[in-house]
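Listed here are the chains, written in short residue letters.
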Amino acid sequence: MQNKKEALSIKELEELKKEYLTKIAEINNQIMVKKNEERALLEQKRKPQIQNEEQIKERVNKYLHDTNYSDIPFLDYNMRLDKSFNNKGQLSNTELLFLDEKMKKLVENYGITNKSQLFCIMLDYQFHKKAHPIIQDKNFIRAWNETYTLGHLDKIFHNDQNRLDYQGTYAAFQYVKKHIEESLSTVTEENETEDELVWKNYDKKKIIVTKNIASIANYVLIQRNQIPGARIFINNGGLSKTAKKKKESTITFAQERLVEAIAFGTTLEKLTQKNYEDAKQLIYVPKNSIH
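Residues numbered from 1 in each chain as written. Predicted model: local features only at pLDDT ≥ 70, side-chain atom pairs only at ≥ 80, totals over all residues. Heavy atoms only, no water.

Novice: Explain the overall build of the protein chain to me, please; I cannot follow it from the model alone.
Specialist: When helices and strands are tallied, the protein chain shows 17 helices and 2 strands. Taking 291 residues into account, the globule formula puts the C-alpha radius of gyration at 19 Å, and the protein chain, at 31 Å, lies well above it. Along the first, second and third principal axes, the C-alpha atoms of the protein chain reach 105 × 55 × 35 Å. Taking all 291 residues of the protein chain together, 39% fall into the buried category. Pairs at least 24 residues apart make up 68% of the contacts formed inside the protein chain by residues separated by at least 6 positions. Surface accessibility of the protein chain: about 18200 Å² in total, with carbon and sulfur atoms responsible for 52%. Side-chain charges in the protein chain split into 47 positive and 41 negative, and the spacing between the mean points of these groups amounts to 5 Å. (Helix = DSSP H or I, 4+ residues; strand = E, 2+ residues; numbered from the N terminus. Rg over C-alpha atoms; globule rule 2.2 N^0.38 Å. Buried < 20%, exposed > 50% of the residue type's maximum accessible area, 1.4 Å probe, protein only. Contact = heavy atoms within 4.5 Å. Areas by Shrake-Rupley, 256 points an atom, 1.4 Å probe, with all protein chains shown as cover. Lys, Arg positive; Asp, Glu negative; His and termini not counted. Charge placed at Lys NZ, Arg CZ, Asp CG, Glu CD.)

Encoded structure:
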């Protein structure tokens, strides 16, 4: 091949060069086309997925039924440790089961007519392995496990009386659900999971809220006091004290739950800008309550 090229004249070599350059240009063009195709395909994969209302509703509903309320410490605290938030006190799993008519009928078929009986049965089984016939009922086990979920709370709060009897927990749950709906309805990258969206920047937000808890509590206190009969669904009685908290003082258990609630329902951007308006959503006005 080399010998053949050496035998060519300058004119012939120039023509050969043009031929090679033309082929190189064609190859480069093909490379560019292939790269553009690959880039377009990659961009399509990365393109945020826009959902319609029905898709968002299904996504939220699935998340509620897949998530335990105990995964959200401030909600768990509201339900089970601070009975002052509800007209009928604390919300245990036995209470939650009896608040659903279908589940209530299921346990009543076994002669269990109140939450105390059910509590003792579950306690005996857990600590003494004393089995009651209801423990063998797969429908009961399924119902019992469901009482731990946000989806069960969503279901029981469709009932007006339940909302009235457990107003504090209803307010807390609505706050949680609103944040979940907003998080799961945003335009997202393909690889982001539901948990990543709901808990986005949560640790960073907690650090900022903890650092500024006194000023945030004072802001909420001012907003709450402007509304007759209003309260917040977490650490209501300690809000004034929290507003006066000194930076060097240790944060209390109840104050930490307040921090978690504030951090959960806002964005990192707002906290960075010292915008605490989302914390106003902690406020609610109880119905038929005595002040």
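Don't stop here, the text continues.
Novice: Please clarify how the packing of aromatic side chains should be interpreted in this entry.
Specialist: Remark: the centre distance and the inter-plane angle together describe each pair of aromatic rings, the angle taken between the planes. Taken as a whole and judged by the stated rule, the model has 12 aromatic pairs. Members of the aromatic cluster, joined through ring pairs, are Phe-74, Tyr-175, Trp-199, Tyr-202, Phe-233 and Phe-264. Just above the ring of Phe-253 sits the side chain of Arg-257; from NZ or CZ to the centre is 4.3 Å. (Phe/Tyr/Trp six-rings, centres within 6.5 Å; stacked < 30°, edge-to-face > 60°. Lys NZ or Arg CZ within 6 Å of the ring centre and 35° of its normal.)

Novice: Explain the packing of helix α6 (residues 101-108) against helix α8 (residues 138-146) to me, please; I cannot follow it from the model alone.
Specialist: For any two helices packed against each other, one specifies the crossing angle of their axes together with the interaxial distance. At a minimum axis distance of 11 Å, the contact between α6 and α8 shows a crossing angle of 135°. Here α6 is positioned oblique relative to α8, judged by the angle of their axes. For the pair α6 and α8, the crossing hand works out as left-handed. For the pair α6 and α8, contact is made by Met-103, Leu-106 and Val-107 and by Asn-139, Phe-140, Ala-143 and Glu-146, respectively. Here the contact of α6 with α8 is composed, by residue class, of 5 nonpolar, 1 polar and 1 charged. (Axes fitted to C-alpha atoms, helices over the stretch in contact; angles between N-to-C directions. Parallel < 35°, antiparallel > 145°, perpendicular 65-115°, else oblique. Left-handed = near helix turned anticlockwise from the far one by under 90°. Nonpolar A, V, L, I, M, F, W, Y, C, P; charged D, E, K, R; others polar.)

Novice: Sorry, what's going on with the pattern of salt bridges here?
Specialist: Side chains that differ in sign of charge can pair as their charged atoms come close. Counted by the stated rule, this structure contains 15 salt bridges. The residue Lys-62 makes a salt bridge to Asp-66 at a minimum N-O spacing of 2.7 Å. Of this pair, Lys-62 and Asp-66 are both found in helix α3 (residues 53-66), 4 residues apart, which corresponds to roughly one turn of the helix. Given the relative accessible area of 55%, Lys-62 is considered exposed. A salt bridge links Lys-270 to Glu-277; the shortest N-O distance between them is 3.4 Å. According to the relative accessible area criterion, Lys-270 is partly exposed, its value standing at 23%. For Glu-277, a relative accessible area of 35% puts it in the partly exposed group. One salt-bridge network, held together by shared partners, links Asp-100, Glu-146 and Lys-155. (Salt bridge = Lys/Arg side-chain N within 4 Å of Asp/Glu carboxyl O.)

Novice: What is the right way to look at the environment of Ser-240 in this model?
Specialist: Following the sequence through the fold, Ser-240 ends up in helix α15 (residues 239-243). Sequence separation of Ser-240 and Val-220 is 20 residues, and the distance between their C-alpha atoms is 9.6 Å. For Ser-240, the residues in contact, after removing those within four places along its chain, are Leu-221 and Arg-224.

Novice: How do you make sense of unusual backbone geometry when you look at a structure like this?
Specialist: Glycine aside, negative phi is the norm for most residues, and most peptide bonds take the trans geometry. Residues other than glycine seldom take positive phi values, yet Asn-235 does so here, at roughly 55°. Note that Asn-235 resides in the loop between β1 (231-232) and α15. A positive phi angle, near 60°, is found at Lys-274, a position not held by glycine. Here Lys-274 lies in the loop between α17 (268-272) and β2 (283-284).

Novice: Just checking my understanding: could you explain a nonpolar patch on the surface for this structure?
Specialist: Taken together, Tyr-20, Leu-21 and Ile-24 make up a surface patch of nonpolar side chains, about 290 Å² in accessible area. Mapped onto the secondary structure, Tyr-20 falls in helix α2 (residues 10-46). Relative accessible area serves as the criterion here: at 41%, Tyr-20 is assigned to the partly exposed category. (Patch = residues over 30% accessible without salt bridge, like charges linked within 9 Å, V, L, I, M, F, W, Y side chains within 5 Å.)

Novice: Before we go on, may I ask you to explain the nonpolar core in this structure?
Specialist: In globular proteins that are soluble, nonpolar side chains generally tend to be buried together. Counting residues in hydrophobic clusters, the biggest one holds 56 residues, and the most contacted among them are Phe-74, Leu-75, Leu-150, Leu-153, Ile-180 and Phe-233. For Leu-75, the residues in contact, after removing those within four places along its chain, are Tyr-69, Leu-150, Leu-153, Ala-172, Phe-173 and Val-176. Core analysis: the second largest hydrophobic core is formed by 14 residues, Leu-97, Met-103, Val-107 and Met-122 among them. (Core = buried A, V, L, I, M, F, W, Y, C linked by side-chain atoms within 4.5 Å.)

Novice: How do you make sense of the environment of Lys-57 when you look at a structure like this?
Specialist: Here Lys-57 shows up in helix α3. For the pair Lys-57 and Ser-185, spaced 128 residues apart in the sequence, the C-alpha separation amounts to 8.7 Å.

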